[in-house]
Amino acid sequence: MAGNDWINSYLEAILDVGPGLDDVKSSLLLRERGHFSPTRYFVEEVITGYDETDLHRSWVRAAATRSPQERNTRLENMSWRIWNLARQKKQHEGEEAQRKAKRRLERERGRREAAADMSEDLSEGEKGDAVSDVSTHGGSNKVRLPRISSVDAMETWANQQKGKKLYMVLISLHGLIRAENMELGRDSDTGGQVKYVVELARALGSMPGVYRVDLLTRQVSAPEVDWSYGEPTEMLTPRNSDGFMDEMGESSGAYIIRIPFGPKDKYIPKELLWPYIPEFVDGALNHVIQMSKALGEQIGGGHPIWPVAIHGHYADAGDSAALLAGALNVPMLFTGHSLGRDKLEQLLQQGRLSKDEINMTYKIMRRIEAEELSLDASEIVITSTRQEIEEQWRLYDGFDPVLGRKLRARIRRNVSCYGRFMPRMAVIPPGMEFHHIVPQDGDMDGETDGNEEHPASPDPHIWSEIMRFFTNPRKPMILALARPDPKKNITTLVTAFGECRPLRELANLTLIMGNRDGIDEMSSTNASVLLSVLKLIDKYDLYGQVAYPKHHKQSDVPDIYRLAAKTKGVFINPAFIEPFGLTLIEATAYGLPIVATKNGGPVDIHRVLDNGLLVDPHDQLSIADALLKLVADKQLWARCQQNGLKNIHLFSWPEHCKTYLSRIASCKPRHPQWQRSDDGDENSESESPGDSLRDIQDLSLNLRFSLDGEKSGTSGNDNSLESEGNGADRMSKLENAVLTWSRGISKDARKAVSTEKADQNKTAGRFPALRRRKNLFVIAVDCDTDTGLLETIRKIFEAVAKGRSEGSIGFILSTSLTISEIHSFLVSGGLSPNVFDAFICNSGSDLYYSSLNREDGHFVVDFYYHSHIEYRWGGEGLRKTLVRWAASITDKNAGNAEQLVTAAEQLSTDYCYAFKVQKPGMVPPVKELKKLLRIQALRCHVIYCQNGTRLNVIPVLASRSQALRYLYIRWGVELSKMVVFVGESGDTDYEGLLGGLHKSVILKGICSSANNQLHANRSYPLSDVLPFDSPSIVQTTEECGSDDIRASLEKLGLL
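For clarity, every value in this text was computed on a predicted model and none was experimentally measured.

### Describing the overall build of the protein chain
- Helix and strand content of the protein chain: 37 helices and 29 strands.
- When the 1055 residues of the protein chain are sorted by exposure, 57% land in the buried category.
- The long-range fraction of contacts in the protein chain, counting pairs at least 24 apart against all pairs at least 6 apart in sequence, stands at 74%.
- Of the roughly 44,100 Å² that the protein chain leaves accessible, carbon and sulfur atoms contribute 49%.

### Regarding helix H20 (residues 557–566)
- With eight of ten residues buried, H20 is to be regarded as a mostly interior element.
- Close packing links the buried residues of H20 with helix H16 (461–467), strand S9 (477–481), strand S10 (508–512), strand S12 (570–573), helix H21 (582–589) and helix H24 (634–647).

### Here we look at the pattern of salt bridges
- Summed over the entire model, instances satisfying the criterion amount to 36 salt bridges.
- Among the salt bridges present, the one from Glu578 reaches Lys488, with a minimum N-O distance of 3.5 Å. Highlighted residues: Glu578 in the loop between S12 and H21 and Lys488 in the loop between S9 and helix H17 (490–499), separated in sequence by 90 residues. As far as the burial class goes, Glu578 and Lys488 line up, both buried.
- The salt bridge involving Arg960 is made with Asp782; its shortest N-O contact spans 2.9 Å. Separated by 178 residues along the polypeptide, Arg960 in helix H35 (residues 960–971) and Asp782 in the loop between strand S16 (775–779) and helix H29 (786–799) bring together distant segments of the chain.
- Overall, the relative accessible area of 1% leaves Arg960 in the buried class.
- Three or more residues are tied together by salt bridges with common partners; here these are Glu369, Asp376, Lys930, Arg934 and Arg939.

### Focus on the sheet that holds strand S25 (residues 940–945)
- Taken together, four strands build an open sheet; the order of strands is S23-S24-S26-S25 and the sheet is antiparallel. The two strands at the open ends of the sheet, each matched to only one other strand, are strand S23 (901–903) and S25. Recorded for the sheet is a direction-independent mean angle of 25 degrees between the axes of neighbouring strands.
- In this sheet, strand S26 (residues 950–955) lies alongside S25 in antiparallel orientation, the contact comprising six bridges. Opposite Cys940, over in S26, you have Pro955 as the bridge partner.
- The strands touched by helix H34 (residues 926–935) are S25 and S26; relative to S25, the strand with the most contacts, the crossing angle is about 155 degrees.

### Some thoughts on the sheet that holds S10
- The strand order S11-S10-S9-S12-S13-S14 describes an open sheet built from six strands, whose pairing is parallel. Across the chains shown, the open sheet's two edge strands, defined by having one partner strand only, are strand S11 (546–547) and strand S14 (612–615).
- As paired strands, S12 and strand S13 (residues 594–597) are joined by three bridges and run parallel to one another. Directly across from Phe571, in S13, lies its bridge partner Ile594.
- Sheet contacts for helix H22 (residues 602–609): S13 and S14; angle to S14, the most-contacted strand, approximately 155 degrees.

### Focus on the packing of aromatic side chains
- As enumerated under the stated definition, the model contains 18 aromatic pairs in all.
- Considering the side-chain rings of Tyr561 and Tyr590, the 5.4 Å spacing of their centres and the 20 degrees angle between planes classify their relative orientation as stacked. Remark: Tyr590 occurs in the loop between H21 and S13 and Tyr561 occurs in helix H20; sequence separation between them is 29 residues. In this pair, the class of Tyr561 matches that of Tyr590, namely buried.
- With centroids separated by 5.0 Å and ring planes inclined at 70 degrees, the aromatic side chains of Tyr865 and Tyr966 adopt a geometry described as edge-to-face.

### Brief notes about the environment of Lys475
- Among the secondary structure elements, Lys475 is positioned in the loop between H16 and S9.
- Lys475 gets classed as buried once you look at its relative accessible area, which sits at 15%.
- Along the backbone, Lys475 and Ala507 are 32 residues apart, and their C-alpha atoms lie at a distance of 5.2 Å.
- Here Lys475 is in contact with Arg504, Glu505, Leu506, Ala507, Asn508, Gln545 and Thr567, once residues within four sequence places are set aside.

### Focus on the nonpolar core
- If you look at the biggest cluster of nonpolar residues, it comprises 129 residues, and the most contacted ones within it are Ile171, Leu328 and Leu967.
- The element contributing the most residues to this core is helix H10 (residues 314–328), with ten residues.
- When near neighbours in sequence (up to four residues on either side) are disregarded, Ile171 contacts Leu215, Leu216, Phe280, Ile310, His311, Gly312, His313, Ala317, Ala321 and Leu324.
- Ile437, Ile512, Leu563 and Val595 belong to the second-largest nonpolar core, a separate cluster that totals 71 residues.

### Some words on the packing of helix H8 (residues 192–205) against helix H25 (residues 653–665)
- It is the contact of H8 with H25, at a shortest axis distance of 10 Å, that shows an interaxial angle of 80 degrees. With respect to H25, the element H8 is oriented roughly perpendicular. Contacts between H8 and H25 involve Tyr196, Glu199, Leu200, Ala203 and Leu204 from the former and Trp653, His656, Cys657, Tyr660 and Leu661 from the latter.
- Looking at the contact of H8 with H25 residue by residue, the classes come out as eight nonpolar, one polar and one charged.

### Remarks on unusual backbone geometry
- Of note in the backbone geometry, Tyr418 takes a positive phi value of approximately 55 degrees without being a glycine.
- In this structure, Tyr418 sits in the loop between helix H15 (401–412) and strand S8 (424–427).
- A positive phi angle, near 60 degrees, is found at Arg872, a position not held by glycine.
- Mapped onto the fold, Arg872 is located in the loop between helix H32 (863–869) and helix H33 (875–888).

### Side note on the confidence of the model for the protein chain
- Summarising the model, the protein chain shows a mean pLDDT of 80, and 76% of its residues fall at 70 or more.
- Counting interchain partners and residues more than four positions distant, the pLDDT-below-50 stretch residues 13–36 has 26 contacts.
- Counted against residues more than four places away or in other chains, residues 675–765, with its pLDDT under 50, gives 161 contacts.

### So, the pairing of S25
- With six of six residues buried, S25 is to be regarded as a mostly interior element.
- Hairpin connection of S25 to S26: four residues between the antiparallel strands, including Gln946 at a positive phi of 50 degrees.

### Concerning the side chain of Arg504
- Turning to its location among the elements, Arg504 is positioned in helix H18 (residues 501–506).
- The side chain of Arg504 is buried and forms no salt bridge, while Glu505, the nearest opposite charge, is found at 6.6 Å.
- When sequence neighbours within four positions are dropped, the list of residues in contact with Arg504 reads Lys475, Phe497, Gly498, Glu499, Leu542 and Gln545.

### A look at the packing of H29 against helix H37 (residues 1042–1051)
- At a closest axis distance of 8 Å, the pairing of H29 and H37 adopts a crossing angle of 55 degrees. The angle between H29 and H37 places the two elements in the oblique class. For H29 against H37, the interelement crossing comes out right-handed. Across the interface between the two elements, Lys795, Ile796, Glu798 and Ala799 of H29 pack against Ser1042, Ile1045 and Arg1046 of H37.

What counts, and where the lines are drawn
Residues numbered from 1 in each chain as written. Predicted model: local features only at pLDDT ≥ 70, side-chain atom pairs only at ≥ 80, totals over all residues. Heavy atoms only, no water. Helix = DSSP H or I, 4+ residues; strand = E, 2+ residues; numbered from the N terminus. Buried < 20%, exposed > 50% of the residue type's maximum accessible area, 1.4 Å probe, protein only. Contact = heavy atoms within 4.5 Å. Areas by Shrake-Rupley, 256 points an atom, 1.4 Å probe, with all protein chains shown as cover. Salt bridge = Lys/Arg side-chain N within 4 Å of Asp/Glu carboxyl O. Pairing = 2+ DSSP bridges. Axes fitted to C-alpha atoms, helices over the stretch in contact; angles between N-to-C directions. Phe/Tyr/Trp six-rings, centres within 6.5 Å; stacked < 30°, edge-to-face > 60°. Core = buried A, V, L, I, M, F, W, Y, C linked by side-chain atoms within 4.5 Å. Parallel < 35°, antiparallel > 145°, perpendicular 65-115°, else oblique. Nonpolar A, V, L, I, M, F, W, Y, C, P; charged D, E, K, R; others polar. pLDDT = per-residue confidence, 0-100. Lys, Arg positive; Asp, Glu negative; His and termini not counted. Left-handed = near helix turned anticlockwise from the far one by under 90°.

What follows is the structure, encoded as structure tokens:
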């Protein structure tokens, strides 16, 4: 058990007891077990298994016990604890083996079904060996990413970017983020990721072709943190633009934008942020829209400048970026930093917590679902190393490198992928600032002396703190810089140094193991590692050869690297697994050769820098040999230093950003589609005197009247076009329909509009009626019956009768029903379709507006909305897979194997595939169907609705909540002026309706009898994601009459 030498003393104590365990004074339990050997048991079950720090505490107490009998009893208790841990370990190993076998079968079945749909013979490009498949999204393992190799090449690339004016958005939600004096290590949320995103934003803002970069994070105004984290905006001043920065503009540069969301005046950990993600998305959406308009006025000729990409960092920001990018219809990028499935596996292997306890503590299942959604929505997933792809992303349902390779081969051949999509994996190592680093030229024997004009600067204080440990400080220094964590493998390094006499004679060892005041004040894990190091120093008599200073500042780290380089030393990272290895790059920049673990990111770093040796971290002889080679062979040392300094620029921020921007340039540009028309600002006030007939004609391009409520239009995957004649007739009909639909414009006025600009009153009807409302009430109650929904609607109408009659309050019906079902429902209830301004149908896959033109129908469909949600819609390939899945769901208890799920063609539309469910309690839960589809690279949103009797499958970024955001983007209807009415429960998309800037009213007693099984089989409980403590959410009383609804609205300050 690496890093826990207390085991040795434990074993020695057991051996000291010897035969005493079997004599009459031994405990009854041990005697009953016969020839029980604590020594053998401990070696077999603990040495090979666990790093359990609680056992160390128990041993400390046992070692302090003087009574042999009490000591034996304590040792016996520890043995039983070890047995229990070993049993949990074996149980976990069995469960893990079953999970892996099941996952392998699911993957193979998914690939077979995908191959059956993609029935063409595979080309050679689609076939691949196991080695090349693992890097399917990052290129071959043997081929490096294209990199800048010289300053001239960078300048050439920079000149090619001139004239571009890109707007980019980065998102990093948790932790405390500011430009300077970052409090890294203040808590577990404020670590390396904070530094990375700030430096990335700063570097991007200095790149040619980039006009503005916004880093969005949480605004924290809590009393326990510095006031600077509550500032709404903070500019990131560039470190070094290298002459590449374009001329500064009014809003150009990089900025930290802090969006208020979550509990006010309270700093909370990332695990508690999930309920407030929708609130952040709405606030970020408002900022991006306003900034896009401002940039459009400055550099876009009056047309909004939309983000070229939105990049989410970590799972919470990935979830936010998916919703934000989906609402804006722009490309999304994702960087995981740390992945939930990998952490879950590690925690389960430790055996300290059950899966339920892990989820309760870390909200791990919500995090994993956010990462799966990020895979669904991302164009590119950026990683630091290939190890992250090969060992971590492969754990996810939504990523299969083998299938991804086949899909890209088909794309290159211009062959259909049948609705399947796989994000590209791009390995782009983090950057560093090197312009201020000057490699050490002198050495300890021939130091550069100062002169009268340029006196030598005094040695840094940290040098004396280190060298005081050494008998001969002029020997080459082997430097390790890591916290005292068992995973960092420091004890193996000390053992290797102590066992190799030639190495001890040639070099000193310096261990920078964080800061400490006293060992007793350290965590038990860190303390045990440090105690082990001290015992090893004593064991091998390394006094005068090993330095381990108690304190150092972050600003001292460069000086420590310089000291090691001055002594012709070596930097080593012996960790068991190193995800990336930023310290290796830092050490290289200061002229140090490296020795590093062969597991993880250092492999990629070594491939680029070629400035050292890789070792097996478990092999102390290998570690000692590598260090001895570099220390003893001065030519090898000089060659490694030269290679490192020659290649280090490949890890600079400009290089990182160049590769990053090149990846983004490969994405297909997307933005709100209506901006393609040359029509002025749709979001300007409806009373603007600048409206013209051209505006109304342009509006008609995306609106079609639904005459019968059936399917209309073409699928997003069907590129067939109507004939020009039919198109012209349709265009004329639509223009006439829209002109008729425009309220407040008389026939005479419409004639005048065709020849001259209309006045303010006559053009007020250019937009849907919802644009003119003071508030919008969204009825999203998922009642079991039409009667229940009709009764709820009437109660809400009665509660706000005054506002309704005045026209200040508009209504939107948000439901899983089709538009035909809505029309039948309204007619049967004696309601006119005009009582609603808009209809969000089919669980959010269709958007309609009410129409006054009875000749052409009651409803107008918004086809621009379809252009917003069709991203990664599987179309016919998805439909075939769903039909095949539905046929496999049968009631095996029935004699004739009754089919439980059947396709509902009459209820399906181009962007919603509907299925009827016969026995809701017997069908797989949403998470299982999502998993099946993700394994086949089909991206969609699966919803059980109408109390589980219907299944709607819609585009991955379509939902009823996203439809509300679309209304804000398209028509400028502020989300804060919306009120969403929901029941106590609802469809499986229920969680999306609560939270955000809009206000919510939960109608008690309504939908309380909804099928709880719909939500019981969720991956994570609703309580993890619903912000019931939000002041924007109120609940009525159980009676839920019109008076109760009115009282709830008064609480929200609306009446």
